[in-house]
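What follows is each chain in one-letter form.
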Amino acid sequence: MLKDNALVETICQVDEEFRKLFENHIRFEQDLEALYSLKFFPPEVEAKMKELKMLKLKGKDRMTQIIIKYKNDNGL
């Protein structure tokens, strides 16, 4: 659902909530990549990774809802 770059860019320009969710999604992904680069995952790092994954998933679910609504409202 988030693969259509032109659509995502358009919605980012017209929907503040979507833009913030998208920016957070990217930040969470970067944070996860940094944590994955560690050779050892102490329990607190594993907990942080789990939290970031959940936040990322919730944001993606909400972005998908916004995309569907945008498509429906705009006849796409």
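As a reminder, the structure under discussion sits directly above these lines.
In this text, all values refer to a predicted model and were calculated from it rather than measured experimentally. (Residues numbered from 1 in each chain as written. Predicted model: local features only at pLDDT ≥ 70, side-chain atom pairs only at ≥ 80, totals over all residues. Heavy atoms only, no water.)

Student: So what about the packing of aromatic side chains? Which residues, and what values?
Tutor: With the rule as written, the count across this model stands at one aromatic pair. Taken together, a centroid distance of 6.4 Å and an interplanar angle of 10° make the contact between F18 and F22 stacked. Remark: F22 and F18 occur in helix 2 (residues 16–36); sequence separation between them is four residues, near one turn of the helix. (Phe/Tyr/Trp six-rings, centres within 6.5 Å; stacked < 30°, edge-to-face > 60°. Helix = DSSP H or I, 4+ residues; strand = E, 2+ residues; numbered from the N terminus.)

Student: Can you lay out the nonpolar core for me, pointing to particular residues and giving the numbers?
Tutor: Formed by L7, V8, I11, C12, F18, L21, M63, I66, I67 and Y70, the largest nonpolar core amounts to ten residues. In this structure, F28, L32, L35 and L52 belong to the second largest nonpolar core, which totals six residues. (Core = buried A, V, L, I, M, F, W, Y, C linked by side-chain atoms within 4.5 Å. Buried < 20%, exposed > 50% of the residue type's maximum accessible area, 1.4 Å probe, protein only.)

Student: Help me get a handle on helix 2, residues and values and all.
Tutor: For helix 2, built from 21 residues, the straight-helix expectation of 30 Å at 1.5 Å per residue is met to within 8% by its first-to-last C-alpha distance of 30 Å. Regarding helix 2, the residues found buried are F18, L21, H25, F28, L32 and L35. Across the axial projection of helix 2, the buried residues extend over an arc of 105°, all falling on one side. Packing partners of the buried residues in helix 2 comprise helix 1 (5–14) and helix 3 (43–73). Of the residues flanking the start of helix 2, the one acting as N-cap is D15, its side-chain oxygen 3.1 Å from the backbone nitrogen of E17. (Expected span 1.5 Å × (residues − 1). Arc of directions from axis to C-beta. Contact = heavy atoms within 4.5 Å. Polar contact = N/O pair within 3.5 Å; in protein donor to acceptor, adjacent residues only side chain to side chain.)

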